[in-house]
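Examining the three-dimensional arrangement
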Amino acid sequence: MSYTVLARKYRPQAFEEVTGQEHVVRTVENAIKLDRVAHAYLFAGPRGVGKTTAARLLARALNCEKGPTASPCGTCLACTEIRDGTSVDVAEIDGASNNGVENVREIRENAKYLPQRDRYKIYIIDEVHMLSGAAFNALLKTLEEPPPHVKFIFATTEPHKLPDTILSRCQRHNFRRISAAAMLKRLKEIAGLEKVTISDSSLSLIVRQSEGGMRDALSLLDQILSACGNTPSDAEVADALGAIDRTAVHAFATALVKRDAKLLLERTEEMWNRGVDLRRLAADLAFHLRNVFIAKATGAAPDELADSDKDVVVALAREADAAQVARLFDVVHTAEWEIARAPQPRLAFELALLRGLHLAPAASIPELITRVERLASGAASPAPGSGASGGRSGASTFRS
Ligand SMILES: Nc1ncnc2c1ncn2[C@@H]1O[C@H](COP(=O)(O)OP(=O)(O)OP(=O)(O)O)[C@@H](O)[C@H]1O
Ligand SMILES: [Mg+2]
Ligand SMILES: [Zn+2]
């Protein structure tokens, strides 16, 4: 049997399997239950978040032999043919390659006739924003008052390119990027079904790289499994994704908080020799510091992290001071741009790290205020290094 990519194999087959789009699913399900299904829908949103999937599910819900129903059976002829894209009454049209006025005329002609077998004739037009101006115009009339047996479902990643005349004739639903926590949960389920052993930490790395798109996440997982087999280690996953080993990122952050210049420089050398992209390293480090800062501010690590990463974040948050972390984040985040433009990226990276050591105050602001007040009231100055973390010499200078 030929191999089916995960994104296709795990296309949701029921509304409740559609991850992270509850606001859309609920409305559509209700419309079906209340028999208030609009004649034209527009599903808008980023790539790979479930638009085509939802369009097919809606088509099934409408045409299922046991329907119209919010939970189509999945086994009747209508359901299986829609799943396989072979239904005579459900046309899936790629708007990008059928964008001319003649294509719309054909749809218009066709729409006049009753469905051949099922309840409705359904036109799913993907990338609908690619239609030409003339094609949109040709569509208007039919879209305004389609025959009762016709439904349109449009999908687009660029709704702003649609003319207002089209927008105002559709019921619009905005699909969102899928939250990291919801994606992690779905990936874990799929990994389980595929009998793959992969750490949460690796999965959350995938989640982060896919930026809320489920198709991208599943493609990355595919890529990893074909490169490393069914039990990829964290290092293998990081490598396959061109990502940087988490432990290295954690080591940099800890060294920054502890003001360990020597360690920072040694580690940089090591990364440089390994050919690691330093801009990427800065980006990952900034993300880690951001998480520590969130942990500091809210008392808990962000939800989207794997448990093992959460522990590391919380531990560092306990050790670091909020003002220090905020400033470190600033320095590292800015460094990302500097490194990208620098003729010598390594020097830019090192300089940023060293600046990070000196910019951040050695103690928390309240602590500094107490010290200043004590000095002002004539008390002896406190012993050097009485601040937060170990106090390396020079670290308490508050340069700007
Ligand atoms: N919300 C979701 N829940 C579960 N799986 C999803 C979701 N969105 C996407 N997927 C996975 O990604 C694959 C592609 O999704 P789909 O074709 O619905 O995306 P799309 O929004 O239409 O993207 P595009 O804009 O690129 O056409 C699905 O087969 C499924 O495996
Ligand atoms: Mg699609
Ligand atoms: Zn059915």
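1. As for the overall build of the protein
Of regular secondary structure, the protein possesses 18 helices and five strands. For a compact globule of 400 residues, the expected C-alpha radius of gyration is about 21 Å, and the protein comes in at 28 Å, more than 25% above that figure. With the principal axes as the frame, the protein shows a C-alpha extent of 95 × 50 × 45 Å. Counting every position in the protein, which comprises 400 residues, the buried fraction comes to 48%. Taking all contacts inside the protein whose residues are at least 6 apart in sequence as the whole, residues at least 24 apart take part in 74%. Of the charged side chains in the protein, 51 are positive and 50 negative, and the gap between their average positions amounts to 3 Å.

2. Points about the domain arrangement of the protein
Looking at the protein, the domain boundaries give domain 1 (6-174), domain 2 (180-240) and domain 3 (246-376). Between the C-alpha centres of domain 2 and domain 3 the distance comes to 27 Å. Counting residues at the interface gives nine residues for domain 2, matched by eight residues for domain 3. Of the roughly 730 Å² buried between domain 2 and domain 3 on both sides combined, carbon and sulfur atoms contribute 53%. The largest share of the area that domain 2 buries against domain 3 comes from Ser201, Ser204 and Arg208, three residues that together contribute 53% of it. At the junction of domain 2 and domain 3, the tally comes to one salt bridge. A salt bridge links Arg208 to Asp284; its shortest N-O distance comes to 3.6 Å.

3. Quick word on helix H9 (residues 200-210)
Here H9 lies mainly inside the structure; eight of its eleven residues are buried. For H9, the full list of buried residues reads Ser201, Ser202, Leu203, Ser204, Leu205, Ile206, Val207 and Ser210. Once H9 ends, the next one or two residues include Glu211, with phi positive near 45°.

4. Some thoughts on helix H12 (residues 246-257)
For H12, built from twelve residues, the straight-helix expectation of 16 Å at 1.5 Å per residue is met to within 8% by its first-to-last C-alpha distance of 17 Å. Counting buried positions along H12 yields ten of twelve residues, so the element is predominantly enclosed. Where H12 is concerned, the buried positions are Arg246, Ala248, Val249, His250, Ala251, Phe252, Ala253, Ala255, Leu256 and Val257. Two residues or fewer after H12 comes Arg259, characterised by a positive phi angle close to 60°.

5. Some thoughts on the packing of aromatic side chains
The tally for this structure, following the rule as stated, stands at five aromatic pairs. Aromatic pair Phe152 and Phe154: ring centres 5.8 Å apart, planes at 35°, arrangement tilted. Both residues of the pair, Phe152 and Phe154, count as buried. With centroids separated by 5.7 Å and ring planes inclined at 75°, the aromatic side chains of Phe252 and Phe349 adopt a geometry described as edge-to-face. Of this pair, Phe252 sits in helix H12 while Phe349 sits in helix H17 (residues 345-359), and the two are 97 residues apart along the sequence. Of the residues examined, Phe252 reaches a relative accessible area of 0% and is grouped as buried. Taking relative accessible area as the criterion, Phe349 reaches 1% and is therefore assigned buried.

6. Observations regarding the coordination of the zinc ion (ligand 3)
In an ideal tetrahedron of four donors about a metal, each angle is 109.5 degrees. In an ideal octahedron of six donors, the angles are 90 or 180 degrees. Surrounding the zinc ion (ligand 3) are the protein donor atoms Cys64 (SG), Cys73 (SG), Cys76 (SG) and Cys79 (SG), at 2.3 Å. Taken together, the four donor atoms surrounding the zinc ion (ligand 3) define angles of 104 to 118° at the centre, an arrangement classified as tetrahedral. The sequence motif formed by the donor residues of the zinc ion (ligand 3) is C-x8-C-x2-C-x2-C. A relative accessible area of 0% places Cys64 in the buried class.

7. Focus: the site of ligand 1
Neighbouring ligand 1 are 21 residues, the closest being Ala7, Gly48, Lys51, Thr52 and Thr53. A distance of 2.8 Å separates an oxygen atom of ligand 1 from a polar backbone atom of Gly48. Within the backbone of Gly50, one N or O atom sits 3.0 Å away from a nitrogen atom of ligand 1. When ligand 1 is considered free in solution it has 630 Å² of accessible area, and contact with the protein chains removes 96% of it.

8. Side note on the pairing of strand E2 (residues 90-94)
Pairing between E2 and strand E3 (residues 121-126): five bridges, direction parallel. Counterpart to Ala91 in the pairing with E3 is Tyr123. Taken together, E2, helix H5 (residues 101-111) and E3 constitute a β-α-β crossover, and its handedness is right-handed.

9. Quick notes on the pairing of strand E4 (residues 150-156)
Most of E4 sits inside the fold, with seven of its seven residues counted as buried. Here E4 shows no split at all, with Val150, Phe152, Phe154 and Thr156 on one side and Lys151, Ile153 and Ala155 on the other all buried. In this sheet, E4 lies alongside strand E1 (residues 40-44) in parallel orientation, the contact comprising five bridges. From the neighbouring strand, Tyr41 faces E4, where its bridge partner is Ile153.

10. Some words on the packing of helix H14 (residues 278-298) against helix H15 (residues 307-319)
Here H14 crosses H15 at 65°, and the two axes come no closer than 8 Å. Relative to H15, H14 is oriented roughly perpendicular. H14 and H15 meet at a crossing whose hand is right-handed. Residues His288, Asn291, Val292, Ala295 and Lys296 of H14 pack against Val312, Val313, Leu316, Ala317 and Arg318 of H15. Partitioning the contact of H14 with H15 into residue classes produces six nonpolar, two polar and two charged.

Cut-offs used in this document
- Residues numbered from 1 in each chain as written.
- Chains lettered and ligands numbered in written order.
- Predicted model: local features only at pLDDT ≥ 70, side-chain atom pairs only at ≥ 80, totals over all residues.
- Heavy atoms only, no water.
- Helix = DSSP H or I, 4+ residues; strand = E, 2+ residues; numbered from the N terminus.
- Rg over C-alpha atoms; globule rule 2.2 N^0.38 Å.
- Buried < 20%, exposed > 50% of the residue type's maximum accessible area, 1.4 Å probe, protein only.
- Contact = heavy atoms within 4.5 Å.
- Lys, Arg positive; Asp, Glu negative; His and termini not counted.
- Charge placed at Lys NZ, Arg CZ, Asp CG, Glu CD.
- Domains from an automatic or database assignment.
- Buried area = accessible area lost by both parts, 1.4 Å probe.
- Salt bridge = Lys/Arg side-chain N within 4 Å of Asp/Glu carboxyl O.
- Expected span 1.5 Å × (residues − 1).
- Phe/Tyr/Trp six-rings, centres within 6.5 Å; stacked < 30°, edge-to-face > 60°.
- Donors = N, O, S within 2.8 Å, 3.2 Å for Na, K, Ca; no water.
- Tetrahedral: all angles 85-135°; square planar, octahedral: opposite > 155°, others 65-115°.
- Near = heavy atom within 4 Å.
- Polar contact = N/O pair within 3.5 Å; in protein donor to acceptor, adjacent residues only side chain to side chain.
- Areas by Shrake-Rupley, 256 points an atom, 1.4 Å probe, with all protein chains shown as cover.
- Pairing = 2+ DSSP bridges.
- Right-handed = clockwise from strand over helix to strand, strands pointing away.
- Axes fitted to C-alpha atoms, helices over the stretch in contact; angles between N-to-C directions.
- Parallel < 35°, antiparallel > 145°, perpendicular 65-115°, else oblique.
- Left-handed = near helix turned anticlockwise from the far one by under 90°.
- Nonpolar A, V, L, I, M, F, W, Y, C, P; charged D, E, K, R; others polar.

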